[in-house]
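Structural features, examined
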Amino acid sequence: MAKTKTNDFLKRFRIESGRGFRLKDFDPADTHGFKSKQKAEDRLAHDIDRLSELQQKLYAQDRWALLVVLQAMDAAGKDGTVKHVMSGVNPEGCDVVSFKTPTPEELDHDYLWRTTLRLPERGRIGIFNRSYYEDVLILRVHPEMIETNKLPPSLVSGKVWKERYEDINAYERHLGRNGTVILKFFLHLSREEQLKRFLARLDHPQKNWKFSLADVRERGYWKKYQKAYEEAIRATATRRAPWYVVPADHKWFSRLVVAAAIVEQLEELHLAYPVLDKDKRRELAAAKETLLGEGDRGAK
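Residues numbered from 1 in each chain as written. Predicted model: local features only at pLDDT ≥ 70, side-chain atom pairs only at ≥ 80, totals over all residues. Heavy atoms only, no water.

Notes on the overall build of the protein chain
- Helices and strands together make up the secondary structure of the protein chain, namely 12 helices and 6 strands.
- Dimensions of the protein chain along its principal axes, counting C-alpha atoms only, are 75 × 50 × 45 Å.
- By the burial criterion, 47% of the 300 residues in the protein chain qualify as buried.
- Intrachain contacts of the protein chain at a sequence separation of at least 6 include 82% that bridge at least 24 residues. (Helix = DSSP H or I, 4+ residues; strand = E, 2+ residues; numbered from the N terminus. Buried < 20%, exposed > 50% of the residue type's maximum accessible area, 1.4 Å probe, protein only. Contact = heavy atoms within 4.5 Å.)

So, in structure tokens, the structure goes:
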């Protein structure tokens, strides 16, 4: 398929193979030449309209499902991305799931269990605000927490992270082979911008509820998280389930990238409304004739 302008716009952020991937090669403040926030928002509005059209076809065709995975450091804008990018989508065809600290029931199962329960059905878009990747991110930074997984000690070795990457790749391959298309986004925020957003949460009363001391504590592990993200992306970026490293210092630009990537992916599925067979067309013709006959007879 010929590359479009959208492809050219996105290809610098799309990672299909982790070979040679380095997070430091991506600038969190990059705007890909967009100097005007208004121009970016105009393009975003266009993509939101297009996404609305494609989602209707996805739902009507009922063959594919789309899973959008959002991962990021705190304050990178995951919630705002969902709010803006999906603003034109019919809520009946979209599910957003935020994964918090695992419950006791979830910890009594393997770490993929709780996300598997919330996978999107055919015809729907599912958005994971955090995901199964937390188990190779938070637990990688805090390896002592792997005890909460209740694994038999003999299964916890120096290879546990490599094995989890293998499991995730197999899991995503399985989903892809069964009609679930996966797009993974890492909202790449700079440490300096995170500090500004944390301070804004403290300075503005309407944002106080967003602030958590836990976020500040985790900020102290910044370098370890960057390394964990880099290694996770390097190990799990594939053509079937690519990662997008999205510059997140400018919220208006990160939203544009996410929307454009989703639209591009849905367009590549060649979605269409179902074609009716002869029997169904005859049924519809008969229904129309009946309805028109009511007009001829007048209301009784």
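With respect to the pattern of salt bridges
- Summed over the entire model, instances satisfying the criterion amount to 19 salt bridges.
- The partner of Arg22 in a salt bridge is Asp25, and the shortest N-O contact between them spans 3.0 Å.
- Take Asp25: its relative accessible area is 44%, and that puts it in the partly exposed class.
- Here the salt bridges share partners, and the residues they tie into one network are Arg50, Glu53 and Glu267. (Salt bridge = Lys/Arg side-chain N within 4 Å of Asp/Glu carboxyl O.)

Focus: the packing of helix 7 (residues 160-177) against helix 10 (residues 222-236)
- Relative to each other, helix 7 and helix 10 sit at 50 degrees, their axes nearing to 9 Å. Looking at the two axes, helix 7 sits oblique to helix 10. At the point where helix 7 passes helix 10, the crossing takes the right-handed sense. For the pair helix 7 and helix 10, the contacting residues are Tyr165, Ile168, Asn169 and Glu172 in the first and Glu231, Ala232, Ala235 and Thr236 in the second.
- Broken down by class, the residue content of the contact of helix 7 with helix 10 amounts to 4 nonpolar, 2 polar and 2 charged. (Axes fitted to C-alpha atoms, helices over the stretch in contact; angles between N-to-C directions. Parallel < 35°, antiparallel > 145°, perpendicular 65-115°, else oblique. Left-handed = near helix turned anticlockwise from the far one by under 90°. Nonpolar A, V, L, I, M, F, W, Y, C, P; charged D, E, K, R; others polar.)

Remarks on the sheet that holds strand 1 (residues 14-15)
- As summarised here, the arrangement of the 6 strands in space is 1-6-5-2-4-3, forming an open sheet in which the pairing is mixed. One side of each edge strand has no neighbouring strand; the edge strands of this open sheet are strand 1 and strand 3 (94-98).
- In terms of strand pairing, strand 2 (residues 65-72) meets strand 4 (residues 125-129) through 5 bridges, oriented parallel. Bridged to Val68 within strand 4 is Ile127.
- This element, helix 3 (residues 78-85), spans strand 2, strand 3, strand 4 and strand 5 (180-188) of the sheet and lies at about 145 degrees to strand 2. (Pairing = 2+ DSSP bridges.)

Things to note about the nonpolar core
- Core analysis: the biggest nonpolar cluster contains 43 residues, and Leu51, Met86, Phe185, Ile262 and Leu266 have the highest contact counts within it.
- Breaking this core down by element, the ones donating at least two residues are helix 1 (5-10), helix 2 (37-61), strand 2, helix 3, strand 4, strand 5, strand 6 (243-247) and helix 11 (251-268).
- No other element matches helix 11, which puts 11 residues into this core.
- Not counting residues within four places of it along the chain, the set of residues in contact with Phe185 comprises Val68, Val69, Leu70, Gln71, Trp243, Tyr244, Val246, Val258, Ala261 and Ile262. (Core = buried A, V, L, I, M, F, W, Y, C linked by side-chain atoms within 4.5 Å.)

A look at the layout of surface pockets
- Reported here for the largest pocket is a volume of approximately 1300 Å³.
- Broken down by secondary-structure element, the contributors of at least two residues to the lining of the largest pocket are helix 3, helix 6 (138-141), helix 8 (191-203), helix 9 (213-219), helix 10 and helix 11. (1 Å grid on protein atoms, 1.4 Å probe; cavity = no way out; pocket = protein on both sides within 12 Å on 5 of 7 lines; lining within 4 Å. Points joined across faces, edges and corners; volume = space filled by probe spheres on them.)

Quick look at the packing of helix 3 against helix 11
- Between helix 3 and helix 11, the least distance of the axes is 10 Å, while the angle of their chain directions is 55 degrees. Regarding the angle of helix 3 to helix 11, the classification is oblique. For the element pair helix 3 and helix 11, the recorded crossing hand is right-handed. Residue-level contacts link Gly80, Thr81, His84 and Val85 of helix 3 to Ser254, Arg255, Val258, Ala259 and Ile262 of helix 11.
- Classifying every residue of the contact of helix 3 with helix 11 by side-chain character gives 4 nonpolar, 4 polar and 1 charged.

A short note on the pairing of strand 6
- Of all the 5 residues making up strand 6, 5 are buried; the element is thus mostly covered by neighbouring parts of the structure.
- Here strand 6 shows a buried face lined by Trp243, Val245 and Pro247 and a second buried face lined by Tyr244 and Val246.
- Alignment of strand 5 against strand 6, held across 5 bridges, turns out to be parallel. Bridged to Leu187 within strand 6 is Val246.

A short note on helix 8
- Here helix 8 spans 18 Å end to end across 13 residues, near enough to the 18 Å set by a 1.5 Å rise per residue.
- Taken residue by residue, helix 8 has Glu193, Gln194, Arg197, Phe198, Ala200 and Arg201 as its buried positions. In a view along the axis of helix 8, the buried residues occupy a sector of 155 degrees, so they form one face of it. Relative to its buried face, helix 8 has exposed residues pointing more than 90 degrees away, namely Glu192, Lys196 and Asp203.
- Looking at the buried residues of helix 8, the elements they touch are helix 9, helix 10 and helix 11. (Expected span 1.5 Å × (residues − 1). Arc of directions from axis to C-beta.)

Observations concerning empty space enclosed by the protein
- Under the criterion given, the structure shown has 1 cavity of 30 Å³ or more.
- Of the pockets and cavities examined, the largest cavity occupies roughly 40 Å³.
- In this structure, the largest cavity is lined by Val68, Leu70, Thr81, Val82, Val85, Met86, Ile127, Val258 and Ile262.
- The set of elements that each furnish at least two residues to the lining of the largest cavity consists of strand 2, helix 3 and helix 11.
- When residues in the lining of the largest cavity are grouped by element, the largest group, 3 residues, is from helix 3.
- Considering only residue class, the lining of the largest cavity consists of 8 nonpolar, 1 polar and no charged.

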